[in-house]
Amino acid sequence: MGNAEVQSIHVHPVKAMRGLSPHEAVVEPWGLAGDRRWTLIDDGGKVVTQREQPRLALAAAEPLAGGGVRLSAPGHAPLTVMVPEPVATVPVNIFGTKVEAVPAAAAAHAWCSAYLEAEVRLVHMDDPATRRPVDPGFALPGETVSFADGYPLLVTTTASLDALNSLVAGGDHAHEGPLPMNRFRPNVVVAGTEPWAEDHWSRVSIGEVVLRAAKTSARCVVTTTDQDTGVRGREPLRTLARHRRIDGRLIFGQNLVPLSTGTIRIGDPVRVLG
């Protein structure tokens, strides 16, 4: 793979909200430390994401020491939310899977509900080692995940984005391009590969951490949402449907599961092990 390396790292403390791009991050068995340990749910316990609420792209969650978060959003005073004591849990429905999570303080529910103008609650995954198994069809025994869509880490490559943007430029909605990488909300962005090389990975190392490729990433309507405005367009789904439909899924990126833990950093070499 030549001189492939980590270009950027992205952590999203609250699922669907704006994240941050640290220079380094600790890889835990269930994902990057602090990534998607919080999520919003509706009255029925169903996870709320940008699929239903694209305005979540404009809300930010800054991690605090101890696992808490500082929430901010346009037109609303920031709110500090501490990790709740795990004295009681509520059921969460995340894409049909039931998971137990700990509700935050009432002030957090009120803040998030006021911003979205919809009744929601903020919940925290207290024990990612046990709460949510990875899809057993693509998991090894004992693998777990946070509130990420399905797998601990999502990796994308700059070469694949360049190739996709070239395809967008030749399509019916060329004016929507070029698309930035944040449309795909990855954890790790890798530079220095061939386009679509990640489709064929089996095992890779990022710095000192070894990970296995579980499943290519099927994309949804969130990718059509401008992460700076919350406005939706047609791309990249229109182009992916024409050029990247694999087994009925629109593919961009690769889902990884850690086989070891450690710290990854911008500039770390990325090597294909199989």
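Quick summary incoming for the structure in this document. (Residues numbered from 1 in each chain as written. Predicted model: local features only at pLDDT ≥ 70, side-chain atom pairs only at ≥ 80, totals over all residues. Heavy atoms only, no water.)

1. Notes on the pattern of salt bridges
Inclusion rule: The salt bridge criterion pairs a side-chain nitrogen of Lys or Arg with a carboxyl oxygen of Asp or Glu, the two atoms within 4 Å. To sort residues, take the accessible area from a 1.4 Å probe on protein chains only and compare it with the maximum for the residue type: under 20% means buried, over 50% means exposed, and anything in between is partly exposed. Secondary structure follows DSSP: runs of H or I at least 4 residues long count as helices, runs of E at least 2 residues long count as strands, and numbering of each begins at the N terminus.
Applying the stated rule across the entire model yields ten salt bridges. A salt bridge links aspartate 35 to arginine 36; the nearest nitrogen and oxygen atoms lie 3.0 Å apart. When its relative accessible area of 2% is taken as the criterion, aspartate 35 is described as buried. Classification of arginine 36 by relative accessible area gives buried; the value is 7%. Here aspartate 172 ties to arginine 238 by a salt bridge, and the two come within 3.5 Å at their closest N and O atoms. Residue aspartate 172 is found in the loop between α2 (158-169) and β13 (188-191), and its partner arginine 238 is found in helix α3 (residues 237-243); the two are separated by 66 residues along the sequence. Looking at arginine 238, the relative accessible area reads 28%, which means it is partly exposed.

2. Overview of the sheet that holds strand β18 (residues 262-265)
For the record, the criterion: Pairs of strands are assigned from DSSP output, requiring at least two bridges between the strands.
Reading across the sheet, the three strands line up as β3-β2-β18 and stay open at both edges, with antiparallel pairing between neighbours. Each edge of the sheet is formed by a strand with only one pairing partner; in this case those strands are β3 (31-32) and β18. Alignment of strand β2 (residues 24-28) against β18, held across four bridges, turns out to be antiparallel. When the bridges of β18 are listed, valine 27 appears paired with glycine 262.

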